[in-house]
Amino acid sequence: GQVRGALLSTMVGRDRELEDLTRAFARAAEDRSCLLFTVLGAAGEGKSRLVGEVLATVDDSATVVTGRCLPYGEGITYWPVAEAVRDALGVQAFDPPENVVARLVEAVADDEHAASITRRLSEILGVGESAGAAEETPWAIRRFLELLADDQPLVALWEDIHWAEPAFLDVVDHIVDWSREAPILLVCTARPEFLDTRSDWGGGKLNATTLLLQPLDQKASAELIANLLGGAGLSAEASDRLTEAAGGNPLFVEQMLSMMIDDGMLVRQDGTWTPAGDLGSVTVPPSVSA
């Protein structure tokens, strides 16, 4: 606990990406338009951290809802939508159905098609029976998000869309193509292989941006190490070895540094972290879970 307390998580090497995403939010808010912003990056490259940094700065001036795509399971097509709707309504999955429906009815009451929206979203939330035409689902989801954006700009974060079902991705496309006069920023995160199955994602849309997070360079990796250690020094040997082994992956840098300290491979002496032995055996893990 004492060792881990010395590690201070922070972000480095992503200034341009932070600026791009912040500008996208400002554009959606000022133009009252719907924008799609997709962040691609390998596991551990910092997609969630990047988005989190921006959301923290706009939290007071925007409504934020989040939904995460699942890798497997039954009934997961609109799971991220259900999460986002519950987030917006302030309800939980285990709340009584009648309470959830009541909150939903209240949220869409000002729309002339409130009854239709309620029926479609109630089905997605699992608190209502199937009713109406399935093709109305994208429209109902879009209209709900537009209603959320009435009072202030809306940020809808869809995480891990590389696991998304095609029908959900079609919904996102529908929102981007058809939403009007509503300040909505749709932020999606995905691994690069997502484009293997959805190569046309955002293609040809003037209101869509996609960026790829690259591994940190040696300078940024060294800066991250220094920040994680709370400003304490790290010998050049240890820093170079850790940077090389992590391959510029921020998560690997953070976790490997913690591991090296916990395992006694790095010790603090006179305000500087130094190797307790040969660091030649330190290698990058074969996977994030490892």
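From a predicted model like this one, the values you see are computed outputs, not experimental measurements. Position numbers for residues start from 1 in each chain and track the written sequence from start to end. Given that this is a predicted model, residues contribute local features only at a pLDDT of at least 70 and side-chain atom pairs are listed and counted only at 80 or more, while totals for whole chains, interfaces and linings are drawn from all residues. Side-chain figures throughout are based on the complete set of non-hydrogen atoms in the structure, without hydrogens or water.

Asker: I would appreciate a short explanation of the overall build of the protein in the present structure.
Answerer: Counting its secondary structure elements, the protein contains eleven helices and eight strands. The classification of residues rests on relative accessible area computed with a 1.4 Å probe and restricted to protein chains. Under 20% of the type maximum is buried, over 50% is exposed, and intermediate values are partly exposed. Across the 290 residues in the protein, those meeting the buried criterion constitute 46%. Put simply, of all contacts in the protein between residues at least 6 apart along the chain, 72% involve residues at least 24 apart. For the protein, the accessible area works out to roughly 14,400 Å², and carbon and sulfur atoms hold 48% of it. Helix and strand assignments come from DSSP, with helices taken as H or I runs of at least 4 residues and strands as E runs of at least 2, each series counted from the N terminus. It only takes one pair of heavy atoms within 4.5 Å for two residues to be counted as in contact. In these tables, accessible area is a Shrake-Rupley quantity obtained with a 1.4 Å probe, and a residue counts as shielded only by the protein chains included in the view.

Asker: Would you take a moment to explain the side chain of Glu146 for this structure?
Answerer: Among the secondary structure elements, Glu146 is positioned in helix H6 (residues 136–148). Here the side chain of Glu146 touches Arg143 through a polar contact of 2.9 Å, side chain to side chain. Two N or O atoms count as a polar contact when they lie within 3.5 Å, although within protein this holds only if one can serve as hydrogen donor and the other as acceptor, and sequence-adjacent residues are included solely when both atoms are side-chain atoms. Side chain to side chain, Glu146 and Ser179 meet in a polar contact 3.1 Å long. Beyond its immediate sequence surroundings of up to four residues, Glu146 is in contact with Trp178, Ser179, Arg180, Ala182 and Ile184.

Asker: How should the packing of aromatic side chains be read in this particular structure?
Answerer: The relation between two aromatic rings is expressed through the spacing of the ring centres and the mutual angle of the planes. Centres within 6.5 Å are what make two rings of Phe, Tyr or Trp a pair, Trp counting through its six-membered ring; a difference in plane orientation under 30 degrees is then read as stacked, over 60 as edge-to-face, and the rest as tilted. As enumerated under the stated definition, the model contains two aromatic pairs in all. Between the aromatic rings of Trp158 and Phe168, the centroid separation amounts to 5.3 Å while the plane-to-plane angle is 80°, which identifies the pairing as edge-to-face. Of this pair, Trp158 sits in strand S3 (residues 154–159) while Phe168 sits in helix H7 (residues 166–178), and the two are ten residues apart along the sequence. There is no split in this pair, since Trp158 and Phe168 are both buried. Seen in terms of ring centroids, Phe194 and Trp201 are 5.3 Å apart; in terms of plane orientation they differ by 80°. Their pairing is edge-to-face. A residue is classified by how much of its surface remains accessible, and Trp201, at 6% relative accessible area, is buried.

Asker: Honestly, helix H10 (residues 236–246) in this entry has me stumped. Any pointers?
Answerer: Helical periodicity: at 3.6 residues per turn, an α-helix aligns residues three or four positions apart in one direction. Taken together, the buried positions of H10 are Ala238, Ser239, Arg241, Leu242, Thr243, Ala245 and Ala246. Following H10 by one or two positions, Gly247 adopts a phi angle in the positive range, close to 65°.

Asker: Any chance you could explain the pattern of salt bridges here in plain terms?
Answerer: When the charged atoms of two side chains with opposite charge come close together, those side chains can pair. Throughout this description, the term salt bridge denotes a Lys or Arg side-chain nitrogen within 4 Å of a carboxyl oxygen of Asp or Glu. Tallied over the full model, the rule gives 13 salt bridges. The partner of Arg68 in a salt bridge is Asp160, with the nearest N and O atoms 2.8 Å apart. Placement of the pair is Arg68 in strand S2 (residues 63–68) and Asp160 in the loop between S3 and H7, with a sequence separation of 92 residues. By relative accessible area, Arg68 is classed as partly exposed at 34%. Its relative accessible area of 13% is what places Asp160 among the buried residues. One salt bridge in this structure joins Lys205 and Asp173, with 3.5 Å as the shortest N-O distance.

Asker: Even after reading the chapter, I still don't get the confidence of the model for the protein, so can you show me in this structure?
Answerer: One rule of thumb: low pLDDT means the predicted coordinates there are not for detailed reading. Averaged over every residue, the pLDDT of the protein is 88; the share at 70 or more is 89%. Confidence drops under pLDDT 50 across residues 1–9; counting only partners more than four residues distant or on other chains, this segment forms 19 contacts. What pLDDT reports is the predictor's confidence in each residue, on a scale of 0 through 100.

Asker: Got a minute to help me understand the nonpolar core in this structure?
Answerer: A general tendency of soluble globular proteins is for nonpolar side chains to be buried together. The definition of a nonpolar core used throughout is a set of buried Ala, Val, Leu, Ile, Met, Phe, Trp, Tyr and Cys residues joined through side-chain atoms within 4.5 Å. Counting 43 residues, the largest nonpolar core has Phe144, Leu145, Trp158, Ile161, Phe168, Val172 and Leu186 as its most contacted members. Looking at this core, the elements that each hand over two or more residues are strand S1 (34–40), helix H3 (79–89), helix H4 (97–107), helix H5 (114–125), H6, S3, H7 and strand S4 (184–190). In terms of residue count, the dominant contributor to this core is H7 (six residues). Counting 21 residues, the second-largest nonpolar core is a separate cluster that includes Phe37, Leu55, Leu211 and Leu213.

Asker: Even after reading the chapter, I still don't get H7, so can you show me in this structure?
Answerer: The terminal C-alpha atoms of H7 lie 18 Å apart, and with 13 residues this matches the ideal 18 Å at 1.5 Å per residue to within 8%. For H7, the complete set of buried residues consists of Phe168, Leu169, Val171, Val172, Asp173, His174, Ile175 and Val176. On its buried face, H7 is in contact with S1, H3, H6, S3, S4 and helix H8 (194–197). Expected helix span is computed as 1.5 Å times (number of residues minus one).

Asker: How should the side chain of Lys205 be read in this particular structure?
Answerer: Mapping Lys205 onto the fold places it in the loop between H8 and strand S5 (208–212). Each residue touching Lys205, except ones within four places of it in the same chain, is listed here: Asp173, Val176 and Asp177.

Asker: Mind showing me how you'd approach unusual backbone geometry here?
Answerer: Trans is the prevailing form of peptide bonds, just as negative phi is the prevailing case for residues other than glycine. A positive phi angle, near 50°, is found at Arg32, a position not held by glycine. Here Arg32 is to be found in the loop between helix H1 (15–31) and S1. By relative accessible area, Arg32 is classed as partly exposed at 34%. Even without glycine at this site, Asp160 takes up a positive phi of about 60°.

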